Amino acid sequence: MKNFVFLILITFSVMNHAYSQSSQNRSLGRIKTQKLSGQTLSIDTEFGKAEITVFGEGIFRMRIVKDAFQEDFSYAVSGKPEICEVKLQESNEKLTLSTAKLKLEINRNPVRFAFYTPDGKLINTDDQAFGTSWIGTEVTTYKQLQPGERFIGLGEKTGNLDRSGSAYDNWNTDNPRYGPNDDPLYVTIPFYMGLHNGLVYGIFMDNTHRSRFNFGASNNRFSSFSADDGEMDYYFIHETDVAGIIQDYTQLTGRMTMPPLWALGYQQCRWSYFPDTEVLNVVKNFRDRKIPLDVIYLDIHYMDAYKIFTWHPTRFSNPQKLLSDLKSMGVHTTVIVDPGIKVEKGYAAYEDGLKKDMFIKYPDGQVYTAQVWPGWCHFPDFTKPAAREWWGNNFSGLVASGVEGFWNDMNEIASWGGGYTPHLVELDWEGKKTAYRQAKNVYGMQMARSTYEGTRKLMNNQRPLILTRAGYAGLQRYTALWTGDNQASEEHMMLGTRLLNSLGLSGVSFTGVDVGGFSKDATPSLFARWIGVGAFSPFFRSHTHYDTKSAEPWAYGETVENISRNYIQLRYKLLPYIYSAFHESVETGMPVNRSLAINYTFDEKIYHYIYQNQYLFGPSIMVAPTESTRDLVKVYLPEGEWYDLHSGVKHQGNSEITAECPVHILPLFIKAGSVIPMQKGVQSTSEDAGDVLYLHIFNGNSGSDFVYYEDDGSSYNYEKGAFYRRMITFDPEKKQLKLHAKEGSYNSHFRKVQLILHGFPENSAFRLNNGNLAFSKGEIDLFNALEPADPQYLETKHNKINILSSETTMGDGEIVLSW
C-alpha cells in the first residue's frame, strides 16, 4: 500500500512537471550546474540558462534564455553594478543568494525564483508550474498573485492608478485622438511596482521587442510579463518604500539634467502659427495683456515644404530677425522636428544623408521609404552612432538662427498608411544589426538622444529644451515628454493627470499634456480649468489642432483670460519651489508630479476612483483636479494636516471633505509642516524677480526638510559646482525653522528673505539667531494677478488669507528662527 501511494505521488509529480513542459510551452528545467563568480550566479538547466547579477543590495538582475546569451547591451540601462557583499547557500532543494536587503531562493527542480526580505517575508515568487516559459520565440515570466496585491506604474498607460485586473501592450504607436482606455500609446516603459502586505517591489523588463504586461487580467492565478523575442532580462528591485524603488530604478536608467529655467514657464503652441507676423502678434498680445509667457512654438508650417532643417522662404523669410525680436520680448523659440527626410534631389539633408549612408534600409540594401508630411521620405538610423552625430550636426543652422527648443514628433515611426513599417527593415543597433521589430520601441528615444547630444554640443554650454512624443525606458536622460494628441474633453483632462503621475512613477519627471486639448474645441470653462491644472504640472504648454478655433487664453472671453492670468502668474511666483523640485528629480529621480501612491502607498482611499487623480506637486502641494462642470467636489486628505491654499483653513488628515470648485477655484492644499519658497510675479523668466525670496512656512505637527536650489538657470556650470543649495528644516518639537548654511559656489539671486507664517498663534514670540524678531499681522493674496480696481477682479476673486510676516537678510550662513 505504501508503495502504491508513493507511485501515485511520483506519477502526479511527473505529470505536473510534464504539463509545464508541454509541446506548446516549455519552462526552465532542473539545475545541472551553477557557478558564483563575483556578484554573478550562472545556472545551466536541462532546458534553458539563467544568470543572476547582484546590481546592488536591493537590485537583482535576472537574465534567462533557452539557448545562449547574446552580447550584453541596453539603450535603457546606464548604471553599473555596485560592489556589495553577496552570500550563496546551497542545499539539496534550493540555492539562496542574499544581500543585506534581499534574499533570492532558487528552486532546483524545476528552476523557480522567489524573493524574500532578510527576515523571511515573501515579496514575490514565480508561478510554480510555469516560471519563465517559452512558446516559440515568445518568452514570459509568470508571477503568483499575492493577496490584495496592487500594481502601479508602467509609464504612459491609460486606465486606473491601480492596474490590477488590466493588461497592456508596449508597442510605440501614433494613436491620434486616443480614447481614455486606448492602448498602446506612444511610449514604452516596461517598469512597474507591486504592493502588498506592507511590502513594495519593482520589476523592470529590459526587452525592446513588443511586450505585454498582465496584472491578473482575465485570470486570478498570476501576473505576467512577456516579449515577442529576445532574452527575459528583468531587474528585481526591493526597498522599504516606493520612493526608494524609484531612486533605484533611476539609478539604473539614469536621471534628467536640469532643464533651462525658461522651459518651466508658460508655453504657447498651435498647429500652426504662421507667417512670422502672426507669431509676433501672438507674443505681443501676451505682453499687452500681462499674461506671462516664455516659449512660443513653430509647428510644421515654418519649414519649406515640410523639409526638416529648412525655413519657408516667404512665411519666415528672416528667421534670425524674428527669433531675435522674440528674444527681446523675453520669449524663446521651439521648433518641431520630424525624422522623415524628404526624397528630393538637391535637398541638402537628403543628398548628404544618402551619400553618408545615414538611413534605415531593407535587408537587400535598398533605403526604406515611407510617406509623411513632406511626401516620400527616408529615415535616419538613430541606432547608428555616425547617424546620431550627423543628425545633431544638422541643427547648426537652426541654432545659429536662435532656436533653443527642439520638439521631436512623429518618431514612433509614424507614417501614412497606419505607421506599419515592415518588420524586416534593418537598423544598425550599434554595429550589431537588428530588425525593426526589436528597434521600433527605442527609435523615438534615440532620435531625442541625437537631438539632445547635437544641440547641447552646438549651444555653447546653454541648455536646450528637448521634447519628444515617443520614447523608451531611460528617455529622461535626454528629453521631456508630452502625451501626444489628446482631446478637448473633461475625461481627457482627468486622464492627463493620471498619465503624468504614472510617468513620474516610471522615472520620467519632465512631462506634460496639451493643455486645452489638441483635438476638438475646448469650452471656455474646460480651458479655464485645464490652465489651472496645467499650472501644476512639470511641463506647461497649451497646444491645439490646425482645424480648431483660436486657443490662446483671451480667445475664450475676459473671465477665462483672467483665470488663466491668475494661474499662470501663480506658476511664476512658485518657480523657486518648482525649480527646487526639479533639482530633486536630478538628484534622486523623485518626480515633480507625485502620485499619492508614493507617500501614502497603503492608504486604501487614494486608489478609489474619485480620488485616484489627486497628486502632490513637488513635496508639499496637493492638487485635486476636478472637472470644470462641478462647483463642489469630494477631496481626500491623507494623514497629517492640510491647509486650504485658497482660504487658509487647516483640515485634519485621514478625512474626506467637500471642497468648493467653481471654475476659478482649483482645489489646492498644503501639507502642514511644509516650507514653500516663492518669488514676486514676473512676465517671463528673463525678467528680474527682485531681491526678496518669500518663504512660506505652514505650521504643523510634522517636521520636514526642503532642499532649496538655485543656479544660473541656463548653463551646465551647475555640474561643476556652480549652484546655490540650502537645506531648510522645519522642526515642530524644537519649535524651530533652520536655514542651513549654503552649499555650492553660486550666489543667490535674492539678498533678503521674507518669512511668511501660516497657522502660527498671533501672540507667538520669535527669535532669530538668538535675537528677538518682530512679526507683523497681515493678509496675503497669492492668486489675483489683477488689481482690485479692474472690472474683472471681482468675478474671479480669491480670498486673502491671514499671515504673520517679517524680513531679514538672506546671507549664506545658518539662520535659525525659533518660537
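All of the points below concern the structure found in this document. What you see is a predicted model; the values in this text were computed from it and never measured.

Now for the overall build of the protein chain. Counting its secondary structure elements, the protein chain contains 13 helices and 54 strands. With 819 residues in all, the protein chain has 63% of them scored as buried. Counting only contacts in the protein chain whose residues sit at least 6 apart along the sequence, the fraction spanning at least 24 positions is 69%. For the protein chain, the accessible surface area stands at approximately 30,300 Å², while carbon and sulfur atoms represent 48% of it.

Looking now at unusual backbone geometry. A cis amide bond, omega 0°, links F274 with the succeeding residue P275. Its location among the elements puts P275 in the loop between β21 (267–268) and α3 (276–288). The linkage connecting E412 with the following residue, I413, adopts the cis geometry, with an omega of 5°. Tracing the backbone shows I413 in the loop between β27 (405–408) and β28 (426–427). Phi at K735 takes a positive value of approximately 50°, unusual for a residue other than glycine. Within the fold, K735 resides in the loop between β47 (724–731) and β48 (736–739).

The subject of this paragraph is the packing of helix α11 (residues 558–573) against helix α12 (residues 575–588). Running from N to C, α11 and α12 cross one another at 60°; their axes reach a closest spacing of 5 Å. On the basis of their axis angle, the class for α11 and α12 is oblique. Touching R571, Y572 and K573 of α11 are L575, P576 and I578, all from α12. Among the residues forming the contact of α11 with α12, the class breakdown is 4 nonpolar, no polar and 2 charged.

A word on the environment of M810. Along the polypeptide, M810 turns up in the loop between β53 (801–809) and β54 (815–818). Not counting chain neighbours up to four residues away, the residues in contact with M810 comprise L693, Y708, Y724, R726, S748, F750, R751, K752, V753 and I815.

Okay, the environment of Q462 next. Mapped onto the elements of the fold, Q462 is located in the loop between α8 (436–458) and β30 (465–468). Its relative accessible area of 33% is what places Q462 among the partly exposed residues. Apart from the residues within four sequence positions on either side, Q462 is in contact with S714, S715 and Y716.

Another aspect to go through is the sheet that holds β30. In spatial order, the strands read β33-β32-β30-β27-β23-β22-β21-β35-β34; together these 9 strands make up an open sheet with parallel pairing. Both edges of this open sheet fall to β33 (511–512) and β34 (514–515), since each of them pairs with a single strand only. Where strand β32 (residues 480–482) meets β33, 2 bridges bridge the pair, whose relative direction is parallel. Residue W482 lies in a different strand from β33, and its bridge partner there is G512.

Now for the environment of W134. By secondary structure assignment, the location of W134 is in strand β11 (residues 132–135). Separated by 95 residues in sequence, W134 and D229 have C-alpha atoms that sit 9.5 Å apart.

The next point concerns the sheet that holds strand β45 (residues 692–698). Strand order in the open sheet made by the 5 strands is β44-β45-β49-β53-β52, with mixed pairing throughout. Every other strand in the sheet has two partners, leaving β44 (675–678) and β52 (776–780) as the edge strands with one partner each. Each adjacent strand pair in this sheet contributes to an overall mean axis angle of 35°, direction not counted. Note: β52 against β53, 5 bridges, orientation antiparallel. Its bridge partner lying in β53, I780 is registered against I801.

Summed over the entire model, instances satisfying the criterion amount to 49 salt bridges. A salt bridge links K433 to D428; its shortest N-O distance comes to 3.7 Å. Look at K433 and you get exposed, because its relative accessible area is 53%. Notably, a salt bridge pairs R594 with E584, separated by 2.7 Å at the nearest N-O pair. Note that R594 is positioned in strand β36 (residues 593–595) and E584 in helix α12, a separation of 10 residues in sequence. On the accessibility criterion, R594 (5% relative accessible area) is buried. With a relative accessible area of 27%, E584 lands in the partly exposed category. If you follow the salt bridges from partner to partner, you end up with D174, D409, E412, R469 and D485 in one network.

For the pair helix α6 (residues 385–393) and α8, interaxial distance at closest approach is 8 Å and the crossing angle is 55°. Taken together, the axes of α6 and α8 lie oblique to each other. Classified by chirality, the crossing of α8 by α6 is right-handed. Contacts between α6 and α8 pair R388, E389, W391, G392 and N393 from the former with Q446, M447, R449, S450, T451, E453, G454, K457 and L458 from the latter. For the contact of α6 with α8, a count of residues per class yields 3 nonpolar, 6 polar and 5 charged.

The rules behind each value
Residues numbered from 1 in each chain as written. Predicted model: local features only at pLDDT ≥ 70, side-chain atom pairs only at ≥ 80, totals over all residues. Heavy atoms only, no water. Helix = DSSP H or I, 4+ residues; strand = E, 2+ residues; numbered from the N terminus. Buried < 20%, exposed > 50% of the residue type's maximum accessible area, 1.4 Å probe, protein only. Contact = heavy atoms within 4.5 Å. Areas by Shrake-Rupley, 256 points an atom, 1.4 Å probe, with all protein chains shown as cover. Axes fitted to C-alpha atoms, helices over the stretch in contact; angles between N-to-C directions. Parallel < 35°, antiparallel > 145°, perpendicular 65-115°, else oblique. Nonpolar A, V, L, I, M, F, W, Y, C, P; charged D, E, K, R; others polar. Pairing = 2+ DSSP bridges. Salt bridge = Lys/Arg side-chain N within 4 Å of Asp/Glu carboxyl O. Left-handed = near helix turned anticlockwise from the far one by under 90°.

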